[in-house]
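# Structural features, examined
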Amino acid sequence: MSVETEPMTAPTPAATPITQFYYRVGAHDLLLEPDALAEVLIHTTTSPLPFPPSWCKGLVAVRGEFYPLVDMHHILYGHANASTQLKLLWLKPAHTSAIVVACDSYPKALKFTNPIQPTQQDTPLPSWIKGIVEHENQTFLVADHQSLINKLMQATHS
């Protein structure tokens, strides 16, 4: 006697969600690179600099090292944010120096089921923004902080 059975199929593995973080500056949500290191800075003191570039709000000490404090409002909008409620975020993209950014919110996590594919916008974006991503009815700017840091260093040394 033989019994016919249907071939067994392996269960489809569930896609592992990809976690990526973003922070807010004004009306924009900036998506961090997946390989970037970031640390929220709560109790820090900003040391002023004489004649700093317009984007620099001074220096911030993190674990004995000094980093420039980048005013992201100035970078995105061309003017400083007058708010005293700015959040500070130590940020180190892979393969470049670290900076501290002044932003409006601490990083928040997003879960993507597939790797993100940024799209280009009709409106011109800064060269360090690689495109935009729409996720759950929210628009995110895909930032390349390494490129931003390189541009700031070039502008400062020229």
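Data block above holds the structure.
Let us look at the structure shown here. (Residues numbered from 1 in each chain as written. Predicted model: local features only at pLDDT ≥ 70, side-chain atom pairs only at ≥ 80, totals over all residues. Heavy atoms only, no water.)

Within the largest apolar cluster, 22 residues are counted, with the highest numbers of intra-cluster contacts made by Tyr23, Leu30, Val70, Met72, Val101 and Trp128. Of all elements in the fold, only β1 (18-25), β7 (87-92), β8 (99-103), β10 (129-135), β11 (138-143) and α2 (145-157) reach the threshold of two or more residues within this core. The contacts of Trp128, once residues within four sequence positions are left out, are Leu30, Met72, Ile75, Leu76, Val142, Ala143, Asp144, Ser147 and Leu148. Within the second largest apolar cluster, 11 residues are counted, among which are Leu41, Tyr67, Leu88 and Trp90. (Core = buried A, V, L, I, M, F, W, Y, C linked by side-chain atoms within 4.5 Å. Buried < 20%, exposed > 50% of the residue type's maximum accessible area, 1.4 Å probe, protein only. Helix = DSSP H or I, 4+ residues; strand = E, 2+ residues; numbered from the N terminus. Contact = heavy atoms within 4.5 Å.)

Attention now moves to the environment of Phe112. With respect to the helices and strands, the residue Phe112 is situated in strand β9 (residues 108-112). A relative accessible area of 5% places Phe112 in the buried class. Sequence separation between Phe112 and His135 is 23 residues; the distance between their C-alpha atoms is 8.3 Å. In contact with Phe112, other than residues within four places in its own chain, are Thr16, Pro17, Ile18, Gln20, Leu31, Val133 and His135.

Backbone geometry places Phe51, a non-glycine residue, at a positive phi of 55°. By secondary structure assignment, the location of Phe51 is in the loop between β4 (46-47) and β5 (56-62). Despite not being glycine, Arg63 has its phi angle at roughly 50°, a positive value. Looking at where Arg63 falls in the secondary structure, it is placed in the loop between β5 and β6 (65-71). We classify Arg63 as exposed; its relative accessible area is 58%.

This next bit is on α2. Since the α-helix advances by 3.6 residues per turn, residues separated by three or four positions end up pointing in the same direction. Compared with the 18 Å implied by 1.5 Å per residue over 13 residues, the 18 Å span of α2 between its first and last C-alpha is a close match. Within α2 the residues assigned to the buried category are His145, Ser147, Leu148, Ile149 and Leu152. (Expected span 1.5 Å × (residues − 1).)

We now examine the sheet that holds β10. Strand order across the open sheet formed by 5 strands is β9-β1-β2-β11-β10, with mixed pairing between neighbours. Taken across any chain shown, the strands that pair with only one partner, and hence form the sheet edges, are β9 and β10. Going across the sheet, the axis of each strand differs from the next one's by a mean of 40°, ignoring polarity. In terms of strand pairing, β10 meets β11 through 6 bridges, oriented antiparallel. Opposite Val133, over in β11, you have Phe140 as the bridge partner. (Pairing = 2+ DSSP bridges. Axes fitted to C-alpha atoms, helices over the stretch in contact; angles between N-to-C directions.)

Summed over all chains, the structure comprises 2 aromatic pairs. Between Tyr22 and Phe140, the ring centres sit 4.9 Å apart and the planes meet at 70°, which makes this aromatic pair edge-to-face. Pair noted here: Tyr22 is in strand β1 and Phe140 is in strand β11, with a separation of 118 residues, a long-range link. Accessibility classification places Tyr22 together with Phe140 in one group, the buried group. Taking 6.1 Å as the distance between ring centres and 75° as the angle between the ring planes, the aromatic pair formed by Tyr67 and Trp90 counts as edge-to-face. Placement of Tyr67 in strand β6 and of Trp90 in strand β7 is noted, with a sequence separation of 23 residues between them. Given a relative accessible area of 15%, Tyr67 falls into the buried group. The positively charged end of Arg63 is found above the aromatic ring belonging to Trp90, 5.2 Å away from the centroid. (Phe/Tyr/Trp six-rings, centres within 6.5 Å; stacked < 30°, edge-to-face > 60°. Lys NZ or Arg CZ within 6 Å of the ring centre and 35° of its normal.)

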